[in-house]
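Structure assessment
So the chains spell out like this:
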Amino acid sequence: MASHLSTRDRLLALIDDIELIAKEMIEVAIAPKAQKLSAPDHAQLTELLLSKDADLKKTLELADEQAKIQQKMNELKAEVDNKDQDIHHLQRQLKDAEQILATSLYQARQKLASIVKSRKRPVPSEELIKFAHRISASNAVSAPLSWQPGDPRRPYPTDLEMRLGMLGRLSDLPLNGHTPSTLNELHRITTGGVPASATNQFTWHPSGELHMSMGGGNSVQIDGRSKDAPAQEDVEVMSTDSSSSSSSDSQ
Amino acid sequence: MENNSDHTEHLSPISVQEVDVDFLPIVYEIIRSVERDFHDTTAKARESQDCSLKVLELQKRLDIARSQIKRLPGIEFNKQDQLKQFDILQTQLRLKRELLQKYRNMCSFETSFK
């Protein structure tokens, strides 16, 4: 029997053989006496059938052994699958750790760079404090403790300053039937000299506060003009969150 | 034929002890009843009918044995190949265990962040 055949094929071939031999024996038994096989031939056929039967039984024993091996293999396969899952799990964790480490390395490098930069150009603390005083002297960071309604000293722009700013001008433009086509034009309009009658244009938005601030008009206008750009920034920030105005100023 | 064998392979596996391969007694009975001489014609006719039934039964048993053999587990290969595969699986498992051990020993430092 060729050893390269699988045990299943061998078993099936043995059954085929047994079937063939049994058929042959039955046919010989049925056949008329003249065509009957001689006794030695018959005995040989019987021997063959017996040996095939013995082979079949032996191969079945082998199949039993192989079934046991298969069972062990199944257990091994299950364990291998289990290990596979563990390996995948660990690999994922390692990948995550690598990502976290890469991020922190990047941040650490940035921090080191800023440390090196700050060491190259050290700023004395006294100068910092002086600068802080200078910022808070104009109430740009916070209102004075004794602030009352009507007091123009405040960290955010007054109504008049708002209207003198870029946003106030923008809302004014469509009324005049004139829209700035370029940024330069817009810049010219907003930074160009404010005509003396400009304040008269704001009468379309009358409010009590406007009249009140008109009283101290000069000082307010000078303040607003001198820090025009920061005031505009304030407007943007305050439109969303008034509490963040101090932080935007301090930058 | 191919589809048929595939279909039978999907059936639940059985053990070797369940396979019925006792063909010799039935072959013996068939031959004995063929060679027996009867004087009575009715008895002869009955014996002949009986004999043909036994032949059919033998055929049936052979077919059953074939289908049972197709359901036996682990005999897709001969024993040498099967043992080779067993070795391969064992090697695989050993390597995977080693790899896992390597991974586990690699991170000897504590990671406090998530």
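Note that the structure is a prediction, hence the values are computed from the model and not measured.

Quick word on the overall build of chain B
Looking only at helices and strands, chain B features four helices and zero strands. Reading the helices (α) and strands (β) of chain B from amino to carboxyl end gives α-α-α-α. Residue burial in chain B is summarised as follows: out of 114 residues, 30% are buried.

With respect to helix H3 (residues 41-70) of chain B
Counted at 1.5 Å a residue, the expected span for H3(B) with its 30 residues is 44 Å, and the 44 Å between its end C-alpha atoms agrees. Among the residues of H3(B), those classed as buried are Ala43(B), Glu47(B), Cys51(B), Lys54(B), Leu58(B), Leu62(B), Ala65(B), Arg66(B), Gln68(B), Ile69(B) and Lys70(B).

Re the nonpolar core
The biggest cluster of nonpolar side chains holds 31 residues, and the ones touching the most others in it are Leu11(A), Ile15(A), Leu56(A), Phe23(B), Leu58(B), Ile69(B) and Leu72(B). Where this core is concerned, the elements lending two or more residues are helix H1 (7-30) and helix H2 (39-120) of chain A together with helix H2 (24-35) and H3 of chain B. With ten residues, the single largest contributor to this core is H1(A). Once residues lying within four places of it in the same chain are set aside, the contact partners of Leu11(A) are Leu56(A), Thr59(A), Leu60(A), Ala63(A), Ile69(B), Leu72(B) and Ile75(B). Membership of the second largest hydrophobic core comes to seven residues, among which are Ile69(A), Leu76(A), Phe86(B) and Leu89(B).

Section: the packing of H1(A) against H2(A)
Residues and elements named next belong to chain A. The geometry of H1 relative to H2 is characterised by a closest axis approach of 9 Å and an angle of 160° between their N-to-C directions. Here H1 lies roughly antiparallel to H2, going by the angle between them. Between H1 and H2 lies a crossing whose hand is left-handed. Of the residues in the contact of H1 with H2, the class split is 15 nonpolar, five polar and six charged.

A short note on a nonpolar patch on the surface
All names here are of chain A. Together, Val123, Leu128 and Ile129 line one region of the surface with nonpolar side chains, adding up to about 290 Å² of accessible area. Looking at the element boundaries, Val123 is found in the loop between H2 and helix H3 (125-137). Using a relative accessible area of 55% as the deciding quantity, one classes Val123 as exposed.

Regarding the pattern of salt bridges
Enumeration over the complete set of coordinates arrives at 17 salt bridges over all chains. Between Arg66(B) and Glu19(A) there is a salt bridge whose closest N-O contact spans 2.4 Å. Taken together, the positions of Arg66(B) in helix H3 and Glu19(A) in helix H1 put the pair across two chains. A salt bridge links Glu57(B) to Arg61(B), with the shortest nitrogen-to-oxygen separation between them at 3.8 Å. A residue pair is termed a helical-turn pair when its members lie 3 or 4 positions apart in one helix, as Glu57(B) and Arg61(B) do in helix H3 at four residues.

Looking at the interface of chain A and chain B
Tallying the contact residues gives 46 residues for chain A and 46 residues for chain B. Of the roughly 4400 Å² buried between chain A and chain B, counting both surfaces, carbon and sulfur atoms make up 73%. Taken together, chain A and chain B are joined by six salt bridges. Taking the shortest distance from any N to any O, the salt bridge between Asp22(B) and Lys57(A) comes out at 3.8 Å. Remark: the boundary between chain A and chain B carries 15 residue pairs in polar contact (both at pLDDT 80 or more). Of all the elements in the fold, those that place two or more residues in the side of chain A that touches chain B are H1 and H2 of chain A. For the side of chain A that touches chain B, the element with the most residues is H2(A), which contributes 29 residues. Here the residues of the side of chain A that touches chain B sort into 26 nonpolar, seven polar and 13 charged.

Brief notes about the confidence of the model for chain B
Mean pLDDT for chain B: 83, with 83% of residues reaching 70 or above. At the level of chain-chain contacts, confidence expressed as ipTM amounts to 0.80, with global pTM at 0.56.

Quick word on the packing of H2(B) against H3(B)
Residue and element names in this part refer to chain B. Between H2 and H3, the shortest axis-to-axis distance is 10 Å and the interhelical angle comes to 155°. In terms of orientation, H2 lies roughly antiparallel with respect to H3. Between H2 and H3 lies a crossing of left-handed hand. Contacts between H2 and H3 involve Ile26, Val27, Glu29, Ile30, Ser33 and Val34 from the first element and Glu47, Cys51, Lys54, Val55, Glu57 and Leu58 from the second.

The rules behind each value
Residues numbered from 1 in each chain as written. Chains lettered and ligands numbered in written order. Predicted model: local features only at pLDDT ≥ 70, side-chain atom pairs only at ≥ 80, totals over all residues. Heavy atoms only, no water. Helix = DSSP H or I, 4+ residues; strand = E, 2+ residues; numbered from the N terminus. Buried < 20%, exposed > 50% of the residue type's maximum accessible area, 1.4 Å probe, protein only. Expected span 1.5 Å × (residues − 1). Core = buried A, V, L, I, M, F, W, Y, C linked by side-chain atoms within 4.5 Å. Contact = heavy atoms within 4.5 Å. Axes fitted to C-alpha atoms, helices over the stretch in contact; angles between N-to-C directions. Parallel < 35°, antiparallel > 145°, perpendicular 65-115°, else oblique. Left-handed = near helix turned anticlockwise from the far one by under 90°. Nonpolar A, V, L, I, M, F, W, Y, C, P; charged D, E, K, R; others polar. Patch = residues over 30% accessible without salt bridge, like charges linked within 9 Å, V, L, I, M, F, W, Y side chains within 5 Å. Areas by Shrake-Rupley, 256 points an atom, 1.4 Å probe, with all protein chains shown as cover. Salt bridge = Lys/Arg side-chain N within 4 Å of Asp/Glu carboxyl O. Buried area = accessible area lost by both parts, 1.4 Å probe. Polar contact = N/O pair within 3.5 Å; in protein donor to acceptor, adjacent residues only side chain to side chain. pLDDT = per-residue confidence, 0-100.

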